[in-house]
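# Structural overview
What follows is the residue order along each chain.
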Amino acid sequence: MNRLFLHMLSYFKLSENNTTAKKEILAGLTTFSTMAYILAVNPGILSTTGMDFSALITATALAAAIGTLVMAFYANLPIGVAPGMGLNAFFAYTIVSSMGYSWQFALTAVFLEGVIFIFLSMFRIREAIIISIPHNLKHAISVGIGLLIALIGMANAGIIETGMHHVGEGKLDGVILKIGDITSAGPLIALTGLVVSGVLMYKKVNAALLIGILAATVVGIPIGLTHLPANGHFVSLPPSIAPIAFKLEFDEIFSLDMLLILFTLLMVNLFDTVGTLIGLCNKAGLLDANGRFPRAKQALMADAVGTTAAGLLGTSVVTAYVESASGIAAGGKTGLTALTVAVMFLLSLFFAPVFAMIPAAATAPALIIVGMLMMGAVTKIDFHDVTEAIPAFLAIVMMPYSYSIAEGIVFGMLSYVLLKVLTGQYKSISPVMYVLSILFIITFLVK
């Protein structure tokens, strides 16, 4: 056992990264606790297509575990991977509901995208895209992700809610966002966890975010937001994935619709993942002086393998999770953090009732604090050059405003290219940036 432990320390290079096994495992638990909501949310969205809800829980956990294991052992990075929000909605509401295709056809698109991503990662095409992004935009991406994470946390807790409401004849009235009922259960336990986490962080407690989540969950029991399992069982056998696994449908893979679906999935997932990796690695201090981070090829391979597995297992596209920033903030620096996340996803198959107890409001404090921490990168942005400042600003604000990392990157990069060209600085733009800008414009036209 001691030999295994020493091998683990050596493999993940804990001492070289100035971290410990305890700190990494606690960071992994923190990341998982902020990602665990996907085990309920993803099946809820995909089941609207007619897919089996229980089978989707198992498929979601397995796809997340596979992708995260690749991130742990191949990339040695503290980043969790799971079916992505937004892409699951595209799967259910666009491919199936709007376009009228079967969920089997949608799974085929997911599988094909994964295979394409594997080849793009193998030949370092995705890595070249990361390298092509200017320094200021890389910092802006980190800040924008922070704002988006904080918004997600506040919305999950009910601290912020939409102010739009129908007033008749299809009209909407009211502000876009407003403060929720702060005296209700969700905001109360979220604010409790936020205060607990803040105090513990001040005292430099490594597990501050995780303790804050647990404290908020406990507080939620007497006020009725945290619900104990109805049958009293905290352990159960994993549901079978037989109803949805290996149900690919290749009848119309050469159709124009499949081409458009694949193009959309590729573009959105590409920049969701690239943006997330840049932001997280920037936060973890893994970017070098040139804005590059080591093992980019390996990191990008994780979501590619995870997505390929997702299509076979029966769930939607897998991507790197911005919630991993919570574990990084808790001290995670290596693949041992990711390994812990993967193990927890596998254990969740048997302890789903336990993880289901944690309300979204209880994970909100970690997301809010992480958003605050990621704001630090704003000091590294050059706001004196307007051709740098406008793209950076657009990248930052469009992520929370559009609720999409990919859209923020699109606005940032397109405006960067346009401003540099129109001000005679076209030589500072890499060929990859020009190609990406053309692809972005095509994406807007085909939406």
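Residues numbered from 1 in each chain as written. Predicted model: local features only at pLDDT ≥ 70, side-chain atom pairs only at ≥ 80, totals over all residues. Heavy atoms only, no water.

Looking at where Glu-388 falls in the secondary structure, it is placed in helix α17 (residues 386-402). At 3.1 Å, the side chain of Glu-388 forms a polar contact with the side chain of Lys-420. Every residue in contact with Glu-388, bar those within four places of it in the chain, is listed here: Asn-136, Asp-382, Tyr-416 and Lys-420. (Helix = DSSP H or I, 4+ residues; strand = E, 2+ residues; numbered from the N terminus. Polar contact = N/O pair within 3.5 Å; in protein donor to acceptor, adjacent residues only side chain to side chain. Contact = heavy atoms within 4.5 Å.)

Below, the discussion takes up the packing of helix α3 (residues 38-46) against helix α4 (residues 53-75). Between α3 and α4, whose axes approach to 9 Å, the crossing angle comes to 130°. If you check the angle between α3 and α4, you find them oblique. Of the two elements, α3 crosses α4, and the hand of that crossing is right-handed. Along its contact with α3, which presents Ile-38, Leu-39, Ala-40, Asn-42, Pro-43, Gly-44 and Leu-46, the element α4 presents Phe-53, Leu-56, Ile-57, Thr-60 and Ala-61. Its residues assigned to classes, the contact of α3 with α4 comprises 9 nonpolar, 3 polar and no charged. (Axes fitted to C-alpha atoms, helices over the stretch in contact; angles between N-to-C directions. Parallel < 35°, antiparallel > 145°, perpendicular 65-115°, else oblique. Left-handed = near helix turned anticlockwise from the far one by under 90°. Nonpolar A, V, L, I, M, F, W, Y, C, P; charged D, E, K, R; others polar.)

In this section: the nonpolar core. Formed by 98 residues in total, the largest nonpolar core has its most connected members in Met-71, Phe-91, Phe-271 and Met-413. Ranked by the residues each element gives to this core, the list is headed by helix α11 (residues 256-283), at 12 residues. Every residue in contact with Met-413, bar those within four places of it in the chain, is listed here: Ile-133, Leu-137, Phe-271, Met-433, Leu-436, Ser-437 and Phe-440. Grouped together as the second largest cluster of nonpolar side chains are 14 residues, Met-35, Ala-82, Val-341 and Phe-345 included. (Core = buried A, V, L, I, M, F, W, Y, C linked by side-chain atoms within 4.5 Å. Buried < 20%, exposed > 50% of the residue type's maximum accessible area, 1.4 Å probe, protein only.)

Here the focus is the pattern of salt bridges. Taken as a whole, this structure holds 3 salt bridges when the rule is applied. Ionic pairing is found between Asp-385 and Lys-420, a salt bridge with its closest N-O pair at 3.9 Å. Pair noted here: Asp-385 is in the loop between α16 (360-374) and α17 and Lys-420 is in helix α18 (residues 405-422), with a separation of 35 residues, a long-range link. Overall, Lys-420 belongs to the buried group, its relative accessible area being 3%. Between Lys-420 and Glu-388 there is a salt bridge, with its nearest N and O atoms 3.1 Å apart. Pair noted here: Lys-420 is in helix α18 and Glu-388 is in helix α17, with a separation of 32 residues, a long-range link. Each member of the pair, Lys-420 as well as Glu-388, carries the same accessibility label: buried. (Salt bridge = Lys/Arg side-chain N within 4 Å of Asp/Glu carboxyl O.)

Nothing here speaks to function; it is all geometry.
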